[in-house]
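If you want the building blocks of each chain, they are given just below.
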Amino acid sequence: MTYSTVPRALQFLRSNPLEVTLRRHSIRQYTPSNFYSNRELEQYASREAKRLTLRQLVFFGRSLNADKILKSANYVRTELPVRISHRLRDLQALPYVVVTQEGVDKVYELYWLAFEKFRQYPEITTLAENQKFCEFLQKLLDIHATVIPNLSLGLSLSSKFLSPDRLDSFMRRMLVSRISRRVLAEHHVALTRSFTSQQGQESDEPHVGIIYTGLNVKHSVERCTSLLRSRPPEVEHMGKIDSWPEVITDGHLDAQFPYIREHLEYIVFELLKNAMHATILKHYGKGPLPAIRVTVVAGENDIGLRISDQGGGLFSGGNTIENSNDLCSFSHVRNASRLEDQRIVALRTATEEGIRATVEEQVTRWKNPSSQLEKGKPLTATIEVSASLPRIGIGLPMSKIFATYFGGSLELVSLDGWGTDVYLRLPKLGTNLEDIEL
Amino acid sequence: MSRGPSFGKRRARMLRAASSRLYATRALPRPPSPEFLELLSKYESTTPRPLNLSQLLSFGRPVTPDSVLASVSYVLYELPRRLATRVRFLETLPFIVGTNPYVAQTTKAFQESFQTLAEHPPVRNLQENEEFARMLSDIVQRHANDIPTMAKGFQESSRYMPPEEINAFLDGAIRNRISVRLIAEQHIALTHALHNPPKDGQAMGVVDTKCSPRQMIDMCGSFVTDLCYATLGNAPTIVLDGQVDATFAYIPVHLEYILTELLKNSFRATVEQHDPQGTGLSLPDVLITLSAPPSRAPRSKLNESSAPSIPGEHYLSMRIRDQGGGVSKAHMDRIFSYAFTTANSDTARKNRRIWEQEDDDDDEPLLGVVADQSLRTGMGTIAGLGYGLPMSSLYARYFGGSLEFKSLEGWGSDVFVKLRCLDEAGDSSI
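Because the structure is predicted, anything quoted here is derived from the model rather than measured.

What counts, and where the lines are drawn
Residue numbers here run from 1 along each chain, matching the order of that chain's written sequence. Going through the entries in the order they are written, you letter the chains from A and number the ligands from 1. The model is predicted, so local features are restricted to residues of pLDDT at least 70 and side-chain atom pairs to those at 80 or more, both for listing and for counting; the totals for chains, interfaces and linings are taken over all residues. To get the side-chain values, take all heavy atoms of the structure and skip hydrogens and water. Counting from the N terminus, the helices are DSSP H or I runs at least four residues long and the strands are E runs at least two residues long. The contact definition used throughout considers only heavy atoms, calling two residues in contact when any of these lie within 4.5 Å. Note that accessible areas follow from Shrake-Rupley with a 1.4 Å probe, and for residues the cover is restricted to the protein chains shown. Note on geometry: axes are C-alpha line fits, over the in-contact stretch for helices, and angles between N-to-C directions span 0 to 180 degrees. Oblique is the label for every angle not falling under 35 degrees (roughly parallel), over 145 degrees (roughly antiparallel), or within 65 to 115 degrees (roughly perpendicular). In a left-handed crossing the near helix is turned counterclockwise from the far helix by less than a right angle, and in a right-handed crossing that turn is clockwise. Each residue is assigned to one class: nonpolar for Ala, Val, Leu, Ile, Met, Phe, Trp, Tyr, Cys and Pro, charged for Asp, Glu, Lys and Arg, and polar for all the others, Gly among them. Defined here as a combined quantity, buried area equals the accessible surface (1.4 Å probe) lost by two parts on assembly, summed across both. In the sections that follow, a salt bridge refers to a side-chain nitrogen of Lys or Arg positioned within 4 Å of a carboxyl oxygen of Asp or Glu. A 3.5 Å cut-off defines polar contacts: any pair of N or O atoms within that distance qualifies, except that in protein one atom must be a possible hydrogen donor and the other a possible acceptor, and neighbouring residues in sequence count only when both atoms are side-chain atoms. Known as pLDDT, the predictor's confidence for each residue is given on a scale from 0 to 100. Strand pairing is defined by DSSP finding a minimum of two bridges between the two strands. Type-normalised accessible area, obtained with a 1.4 Å probe on protein chains alone, sets the label of each residue: buried when under 20%, exposed when over 50%, and partly exposed for intermediate values. Disulfides are defined as cysteine sulfur pairs within 2.5 Å.

Looking only at helices and strands, chain A has 17 helices and 10 strands in total. Within chain A, counting contacts between residues at least 6 apart in sequence, those at least 24 apart form 75% of the total. For chain A, the exposed area adds up to about 19,700 Å²; of that, 51% sits on carbon and sulfur atoms.

Set out below in structure tokens:
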């Protein structure tokens, strides 16, 4: 279908509600025509993704004008459907039994919906259209918040149909692609915002779009620490506790580097959360909680972060993993806890709200626990309405994917019986790293 | 200015002396006698009798005249065979490497030891065993400095062999050496135990069931501190935390070796990073954390099974943390290789001033001094040749333990050592 005039395009968007599109590609009403109408998808999938380097994104965003904004909008508009089509082909290649599994089928539908919407979106020629486009992007990002828990749930349940390697690599491709699409979309929305509002920097740290050019690591650690410590002190299984452990930072305290703030803070947040949880489980009631030590190191081309806790190590929780990498696997073959009832229930609950894998989302959730009730969704009997979130178990695998996205690394070493050391290394974006592409 | 009249004569004398030296080193080493070769091939072709740790220790449980005689007959069977393997490996090195005086010296020592043991008559009674144990002790002593000697030889020959081959050779040589010494020293210990019988009649020999890492750290720490002050002018303090009073069953000399090498690395890195001139600036501490093997704790409501996942395998874990600047990414691949050292740096040359020594241009002064010192103490350890990490790793892994190295480039390094508790490691092969 082609649309030559703009008003007609808008009409299309108004008249085709999401549900109609959903039904066309719903698996539950799978008809032979779905098979034969895969052509459009294959055409897109045959194109290669046109990647931009991070450097290009930063330089592009430095001196904005209307033309550049529109150029950016149309790049996002044409690029994302190509990338989504690759993921759809990936999904189509999975075993039938996996894609029809609960969770995965929802993701498949969501991706089809996004693909159709992008594919049919008309060219953006004015700033007003760009505004509408940004709203569209935001809405789509919101809808897709349920992808991570759904995929996690579905793949955990389908663990037995896929080899651990295949499962993990599929999941990794999906999540990596998701990160890059979100970065492009969010970067464009952020650029639009700073262009149209003409505000000064919103935060104290300079940034271009979502890339913070001088991200102060110590401040990020402190932000995450204070957010975590401001939670109502409660831990699952144990109920209320006195307080959270402290976090002491040392090393190169002035270290700064260009990075996407949301990514760094998600990783640090998750790792500190794990460290605090382990510390409490091991020491609560046995005297003062040992502090968690964070060491920040500014290398020549990297930033290093070491988080040391005294939480007893990785193998003391009665889990059956063989090495620390298994904690980052989505397969229950490698990490049996993925199929524990509690995990599955928690994932199912999370699929209702969705997970964006940002710090802000988690903070909002525990500040407004009643928001779940407001939406009128029924709560499963076993989950109480409390501020403590049942653990879903995707913090580590997601952190690893975020960490390795630009070529960094995340490694865990256990001092069995004593504690764990986590080594995070993130490359300084923009220094000799021309070929990091999104 | 013209040179004096005697110059010509002096010059001629110098040349003659030099050429005779050259001639001497060009002479081929004398080949071994045909009888020796026959003996060697006889032992090479005997079937190996592999031993595991519990079998080795069983000679001491209990220690009786019979068990000691059983032990010596095992020693006389197995040691010559293992030494024959070692001799063969040395002989198959490239010829040019074999003519290196240090390598040749080692080969000769092994050939002699092999011959002594291979030609030794069977030991029939305790008196003969006394003699034998004394002789065995001498042999062990003779080989105390094998590693530094071979290391020196390989350093000099590094351009004649690719690094992978050197690594593989040294790995095999050191592993072989560990097992030979283990068998020999276990027998010597059992012989002594016969005179000083332990209360319960059970001699673990070389294994100390209550080996204390804390005591070891104190001992090795003070040795390395002295060495560090002597060579670099400063030394950091060791701070111990974690389960400081943990003890476990292990072979003390192995733990001693590992600790000494790792502390040497951390100390050297700390001083070079924070006080390269050795003027006595304050240094960040080296932090050692100990974690004892998890005991079979009563079940808590949190963990269904607090026992470790693999029954029967307990480890003592140790983390050595320094602020010595870490290891750069470029070096990370090479630090476990025998042929690599970070002592070939400008700092080492700067340190020449401190020692006021005139060394050859080829030798690193740090290498020369420390190797001499270590040779003098007879510990058979080296620093500056870069053997510390790969060897510590080998020792740690010998009974199924592990060594992991993590670095924060620009800040410091962490070394994680896990050592298997030997009272439950009976199945490890020697």
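Residues and elements named next belong to chain B. Axis separation between helix α11 (residues 252-274) and helix α16 (residues 388-398) bottoms out at 9 Å; the angle between their running directions is 150°. Put simply, α11 runs roughly antiparallel to α16. Remark: the crossing between α11 and α16 carries left-handed chirality. Mapping the contact onto sequence places His254, Tyr257, Ile258, Glu261, Leu262 and Asn265 in α11 and Gly388, Leu389, Met391, Ser392, Tyr395 and Ala396 in α16. Here the residues of the contact of α11 with α16 sort into seven nonpolar, four polar and one charged.

Attention now goes to the interface of chain B and chain A. In this complex, chain B contributes 24 residues to the contact, which on the side of chain A involves 24 residues. Both sides together, the interface formed by chain B and chain A hides about 2,100 Å², and carbon and sulfur atoms give 59% of it. Our count for the chain B to chain A interface comes out at five salt bridges. Summed over the shared surface of chain B and chain A, the result is nine residue pairs in polar contact (both at pLDDT 80 or more). Elements with a contribution of two residues or more to the side of chain B that touches chain A: β4 (286-291), β5 (315-321), β6 (402-408) and β7 (412-420) of chain B. Here the side of chain B that touches chain A gets four residues from one element, more than from any other, and that element is β5 of chain B. Of the residues that constitute the side of chain B that touches chain A, the class distribution is seven nonpolar, eight polar and nine charged.

Before going further, it helps to spend a moment on unusual backbone geometry. Omega for the bond connecting Arg61 of chain B with Pro62 of chain B falls within 30 degrees of zero, at 0°, which places this linkage in the cis form. Considering the arrangement of structural elements, one finds Pro62 of chain B in the loop between α3 (53-58) and α4 (65-91).

As a further point, take the confidence of the model for chain A. All names here are of chain A. For chain A, the mean per-residue pLDDT works out to 79, and 80% of the residues sit at or above 70. Within the model, pLDDT remains below 50 along residues 1-13, and this stretch shows nine contacts once partners closer than five positions in the same chain are excluded. Under a pLDDT of 50 for its full length, residues 370-388 has, in the predicted model, 20 contacts with residues more than four places off or in other chains.

All names here are of chain B. Across the interface, helix α2 (residues 34-44) lies against α4 with an axial gap of 8 Å and an inter-helix angle of 115°. Between α2 and α4, the crossing angle belongs to the class labelled roughly perpendicular. Between α2 and α4 the crossing geometry is left-handed. Here α2 contributes Leu40, Tyr43 and Glu44 to the contact with α4, which in turn contributes Leu76, Tyr77, Pro80, Arg81, Ala84, Val87, Arg88 and Glu91. In terms of residue class, the contact of α2 with α4 is made up of seven nonpolar, no polar and four charged.

It is worth spelling out the sheet that holds β5 of chain B at this point. By way of backbone hydrogen bonds, the strands of a sheet pair with one another, either parallel or antiparallel. All names here are of chain B. Within the open sheet, the five strands sit side by side as β2-β4-β5-β7-β6. Their pairing is mixed. The sheet is open, and its two borders are formed by β2 (238-242) and β6, each paired with just one other strand. Across the sheet, the mean angle from the axis of one strand to that of its neighbour is 15°, orientation sign disregarded. Strand direction decides the pairing type here: β5 and β7, joined by seven bridges, are antiparallel. By the bridge assignment, Ile320 is partnered in β7 with Val415. Along the sheet face, helix α10 (residues 213-232) touches β2, β4 and β5 and points at about 170° away from the line of β2. Its contacts with the sheet place α16 against β6 and β7, and it is angled at close to 140° to β6.

For the rest of this paragraph, the subject is the pairing of strand β2 (residues 211-216) of chain A. Residues and elements named next belong to chain A. Summarising burial for β2: five of the six residues are buried, a large majority. Looking at chain direction, strand β1 (residues 207-208) and β2 are connected through two bridges and run antiparallel. Following the sheet pairing, Val208 is matched in β2 by Ile211. Direction of pairing for β2 relative to strand β6 (residues 256-260): antiparallel, over a ladder of four bridges. Of the residues in β6, the one forming a bridge with Ile211 is Ile260.

Residues and elements named next belong to chain B. In total, this model carries zero disulfides over all chains according to the counting rule given. Of the cysteine sulfurs around Cys421, a residue in no disulfide, the closest is that of Cys211, at 10 Å. Look at Cys421 and you get buried, because its relative accessible area is 5%.

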